[in-house]
Structures are given as C-alpha cells and as structure tokens.
Amino acid sequence: MEDTPARSPIGIGTGSAIIIFRNDTDPAKPEVVYEAVKLEWDGRFTTKVTEKAENINFRAVQAYYLPGNAFGDCYSEIIEKK
C-alpha cells in the first residue's frame, strides 16, 4: 500500500524560525533571548547557543515557526537544559 502525499511528511522550506532561550528562575523578572534562524530547503534549521543566551544562564529553549504563505505558525516543545 502506498501512502498519499497528503499523509507523507514533507519539509516546508518557506518562513523562518525564532529560537527562544529563557531563564525563568525569577518569575517576576524572566530573562529571554531571541535568535532568528533561516530554514533549509526542506524545513530544517540549526542553531548554536549564543553568548547572549549563555549570559542569561538560559534554562530552556523553544522554537517558534513564522510561516510562509498558506501555513500557520506554531511552537516546538520546550526543551529544558540539563
């Protein structure tokens, strides 16, 4: 049985991603650093921990997808720093 293109995962090469580094140790004064990254042709992206993120001693990271035409925005899961 062959799967249809509608059900097959296909990368999206339009739009961009914003990486969000957070330190919520003090809930009254959370620290956040945003880094924009480009998507590859297949929708993948990579990033490195920036000096700014290290300076706030980030505790978690999350990605936010800014869509191209005909797509919706979304957030990734939150990844806690170990």
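Now for a look at the structure at hand.

1. As for the overall build of the protein chain
No. 1: What the protein chain contains, in helices and strands, is one helix and five strands.
No. 2: Across the protein chain, helices and strands are ordered from the amino to the carboxyl terminus as β-β-α-β-β-β.
No. 3: Counting over 82 residues, the protein chain shows a buried share of 23%.
No. 4: A separation threshold of at least 6 residues defines the contact pool for the protein chain, and within that pool the share at least 24 residues apart is 48%.
No. 5: Total accessible area computed for the protein chain in this model is approximately 6600 Å², and 55% of it derives from carbon and sulfur atoms.

2. Here's the deal with the nonpolar core
The nonpolar side chains of a soluble globular protein tend to be buried with one another.
No. 1: With 11 residues, the main nonpolar core is built from Ala17, Ile19, Phe21, Val33, Val37, Leu39, Ala53, Ile56, Phe58, Ala63 and Tyr65.
No. 2: Residue assignment for this core shows that the elements contributing at least two residues are strand E1 (16-23), strand E2 (31-38) and strand E3 (60-66).
No. 3: By residue number, the principal contributor to this core is E1, which donates three residues.
No. 4: Leaving out residues up to four positions away in the same chain, Ala17 has contacts with Glu35, Ala36, Val37, Leu39, Phe45 and Tyr64.

The rules behind these values
Residues numbered from 1 in each chain as written. Predicted model: local features only at pLDDT ≥ 70, side-chain atom pairs only at ≥ 80, totals over all residues. Heavy atoms only, no water. Helix = DSSP H or I, 4+ residues; strand = E, 2+ residues; numbered from the N terminus. Buried < 20%, exposed > 50% of the residue type's maximum accessible area, 1.4 Å probe, protein only. Contact = heavy atoms within 4.5 Å. Areas by Shrake-Rupley, 256 points an atom, 1.4 Å probe, with all protein chains shown as cover. Core = buried A, V, L, I, M, F, W, Y, C linked by side-chain atoms within 4.5 Å.

By themselves, these are just geometric observations and shouldn't be taken as functional.
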